[in-house]
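Coordinates in review
If you want the building blocks of each chain, they are given just below.
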Amino acid sequence: MYIFTSFCLWLALYAPMPLTWQPLLALLDYAPRWLVLLLLPLCLLGSKPSKSFVLFIVLTTLVNFWLLFDISLAFASKAPATSDTRTYKIATFNVASGRVDAAAIFDWYNSEHLDALLLQESPPAALKQQLPANLTLDCHGNLCLLTQHSFKVVRQLDRRALQGWGHYAAHYLISLNEVEVNLVNLHLNTPRHGFELLHAPISNFNAITRAYKNQAFESMIASELVAADEGLTLIGGDFNLTQPSRLYQQYWSEWSNAFNTVGFGIGYTKNSRLMGSRIDHILTGSKIQPLHAEVYSAMGSDHKPLVLEFAFQ
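Residues numbered from 1 in each chain as written. Predicted model: local features only at pLDDT ≥ 70, side-chain atom pairs only at ≥ 80, totals over all residues. Heavy atoms only, no water.

1. Quick look at the overall build of the protein
Rules: To qualify as a helix, a DSSP run of H or I must reach at least 4 residues; to qualify as a strand, a run of E must reach at least 2; elements of each kind are numbered from the N terminus. A radius of gyration in this sense is built from C-alpha atoms; the matching globule rule multiplies 2.2 Å by the number of residues raised to 0.38. A simple rule labels every residue: compare its accessible area, found with a 1.4 Å probe on the protein chains alone, to the largest value its type can have, and call it buried under 20%, exposed over 50%, or partly exposed in between. Here, residues are in contact when the closest pair of their heavy atoms is within 4.5 Å. Working definition of accessibility: Shrake-Rupley area with a 1.4 Å probe, residue cover restricted to the visible protein chains.
Along its length, the protein carries nine helices and 16 strands. A compact globule built from 313 residues should have a C-alpha radius of gyration of about 20 Å, and the protein, at 21 Å, falls within 12% of that. With the C-alpha coordinates aligned to their principal axes, the bounding extent of the protein is approximately 70 × 50 × 35 Å. When each of the 313 residues of the protein is scored for burial, the buried share is 50%. By sequence separation, contacts in the protein at least 24 residues apart represent 70% of the contacts at least 6 residues apart. Accessible surface, the protein: about 15,100 Å² in total, of which carbon and sulfur atoms supply 59%.

Here it is, written out as structure tokens:
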């Protein structure tokens, strides 16, 4: 049962599937996939298992940890090319509609010596009211950029085309030591509300499908804000997608995922009662050298901030 269930999960998550199935399968990104491990003791009941069977169980479990838990095994952070290379720090943080106090955000920003902070679900009014004199805040809806560096807004995207509200992307050119870097703040649509609809009549499958299509549309448009071959690029935010998911692989896999490159462990950035997911990401272009990526404590949000230290190639 354990091996069969694991195999079915692998197929559901990674095998080519008809488009009509994909919205429901996408909900597995947010499901408590660790529950499959509860079936593991069943394999050891009954007669004494053979060595080959035990080996197969071990291999299946290793594959489960690799495929189902989105683990990064970058064992060591990278070092700059030279000791005098200038390094920078950027972070992304969904503050869950203002659950994190504005003063705590500013204190954390200064204590971590950040160069830019991408905020999602932020409270612009509260942030502006307590904004320190040395920092600049730019908001488009609940998407905000906090930085001490000069920048200009290139473009921002809202959901009016989808008959929705709010912004899902903001594109900046930020100047770091006189080097202009493309910086994109994202908060893509979420299909997680589909879980709330599963107990309802099957007609609500239309709502799940619509949420998935909206997420695909936003990914398609936002991924074209900056060309994949534009090396000086940083894209951060709440993607509402895990790295192995189909939409992520289709629209975002051309960029390097910072946590995969220089992070270590599961790195969950979104916590719920029964599960965690790594759905907040920082992606880098070819001229950005990731040095160290780390997930910090949530500070009151249901998301955790993700911080990247980097240098220029």
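2. Remarks on the sheet that holds strand S4 (residues 136–140)
Hydrogen bonding along the main chain pairs the strands of a sheet, whether they run parallel or antiparallel. Convention followed: Strand pairing requires that DSSP identify at least two bridges connecting the strands. In this analysis, axes come from line fits to C-alpha atoms, helices being fitted only over the stretch in contact, and the angle between any two N-to-C directions falls in the range 0 to 180 degrees.
Spatial ordering of the open sheet is given by S4-S5-S3-S2-S16-S15, a layout of six strands whose pairing is mixed. Among the strands making up the open sheet, the edge pair consists of S4 and strand S15 (288–295). When strand polarity is set aside, the average angle formed by the axes of neighbouring strands in this sheet is 15 degrees. Both strand S2 (residues 88–94) and strand S3 (residues 116–120) contribute to a ladder of five bridges, which runs parallel. Looking across to S3, one finds that Ile 90 is bridged to Ala 116. The strands that helix H4 (residues 102–111) touches are S2, S3, strand S5 (143–147) and strand S16 (306–312); relative to S3, the one it contacts most, it runs at about 150 degrees.

3. Some points on the sheet that holds strand S10 (residues 256–257)
Spatially, S6-S7-S8-S9-S14-S10 is the arrangement adopted by the six strands of the open sheet, whose pairing is mixed. The strands lining the two open edges of the sheet, one partner per strand, are strand S6 (151–158) and S10. Where strand S7 (residues 167–176) meets strand S8 (residues 179–187), eight bridges bridge the pair, whose relative direction is antiparallel. Considered in S8, the bridge of Ile 174 is made with Val 181. Here helix H7 (residues 205–222) sits on the sheet in contact with S6, S7 and S8, set at roughly 25 degrees to S7.

4. Quick word on the nonpolar core
General note: in soluble globular proteins, nonpolar side chains tend to be found buried as a group. Selection rule: Among buried residues, those of type Ala, Val, Leu, Ile, Met, Phe, Trp, Tyr and Cys that are joined through side-chain atoms within 4.5 Å constitute a nonpolar core.
With 23 residues, the main nonpolar core has Ile 90, Leu 183, Leu 234, Leu 308, Phe 310 and Phe 312 as its most contacted residues. Put simply, the parts of the chain that give this core at least two residues each are S2, S3, S7, S8, helix H9 (258–262), S15 and S16. With sequence-adjacent residues up to four places away left out, Phe 310 is seen in contact with Arg 86, Thr 87, Tyr 88, Lys 89, Ile 90, Leu 176, Leu 234, Ile 288, Gln 289, Pro 290 and Leu 291. If you look at the next biggest cluster of nonpolar residues, it comprises 21 residues, including Ala 169, Leu 225, Leu 247 and Tyr 251.

5. As for unusual backbone geometry
Despite not being glycine, Gln 163 shows a phi value in the positive range, around 55 degrees. With respect to the helices and strands, the residue Gln 163 is situated in the loop between S6 and S7. Look at Gln 163 and you get exposed, because its relative accessible area is 80%. Phi is positive for Asn 177, which is not a glycine, with a value near 55 degrees. Mapping Asn 177 onto the fold places it in the loop between S7 and S8.

6. Considerations on the state of the cysteines
The following threshold applies: We call a pair of cysteine sulfur atoms a disulfide when they lie within 2.5 Å.
The tally for this structure, following the rule as stated, stands at one disulfide. A sulfur-sulfur distance of 2.0 Å marks the disulfide that ties Cys 139 to Cys 144. Residues Cys 139 and Cys 144 share a disulfide whose torsion about the S-S bond is about 110 degrees; that sign makes it right-handed.

7. Things to note about the packing of aromatic side chains
Two numbers describe a pair of aromatic rings. These are the distance of the centres and the angle of the planes. What counts here: What counts as a ring pair is set by centres within 6.5 Å for rings of Phe, Tyr and Trp (its six-membered ring), and what kind of pair is set by the plane angle: stacked under 30 degrees, edge-to-face over 60, tilted for all other angles.
Across all of its chains, the model carries 10 aromatic pairs by this definition. Their ring planes at 70 degrees and their centres at 6.4 Å tell us that Phe 7 and Trp 10 sit as a pair that is edge-to-face. A residue pair is termed a helical-turn pair when its members lie 3 or 4 positions apart in one helix, as Phe 7 and Trp 10 do in helix H1 (residues 2–14) at three residues. Look at Phe 151 and Tyr 172: their rings are 5.5 Å apart centre to centre, the planes differ by 85 degrees, and that puts the pair in the edge-to-face class. With a gap of 21 residues between them, Phe 151 in strand S6 and Tyr 172 in strand S7 connect regions that are remote in the sequence.

8. Focus: a nonpolar patch on the surface
Operational definition: Residues enter a patch when their relative accessible area is above 30% and they make no salt bridge; the linking distance is 9 Å between like charges and 5 Å between nonpolar side chains (Val, Leu, Ile, Met, Phe, Trp, Tyr). In what follows, salt bridge is the name for a side-chain nitrogen of Lys or Arg lying within 4 Å of a carboxyl oxygen of Asp or Glu.
Together, Val 54, Leu 55, Val 58, Leu 59 and Leu 62 make up an exposed nonpolar region whose accessible area comes to about 430 Å². Looking at the secondary structure, you find Leu 59 in helix H3 (residues 51–68). For Leu 59, a relative accessible area of 44% translates into the label partly exposed.

9. A look at the pattern of salt bridges
Throughout the structure, instances matching the rule amount to four salt bridges. Measuring nitrogen to oxygen at the nearest pair gives 2.6 Å for the salt bridge that ties Glu 218 to Arg 159. Linking Glu 218 in helix H7 with Arg 159 in the loop between S6 and S7, this pair joins segments that are 59 residues apart in sequence. Across the salt bridge formed by Asp 302 and Lys 270, the nearest N and O atoms sit 3.5 Å from each other. Linking Asp 302 in the loop between S15 and S16 with Lys 270 in strand S12 (residues 270–271), this pair joins segments that are 32 residues apart in sequence. Judged by relative accessible area, which is 22%, Asp 302 ranks as partly exposed. Judged by relative accessible area, Lys 270 falls into the buried class, the value being 6%.

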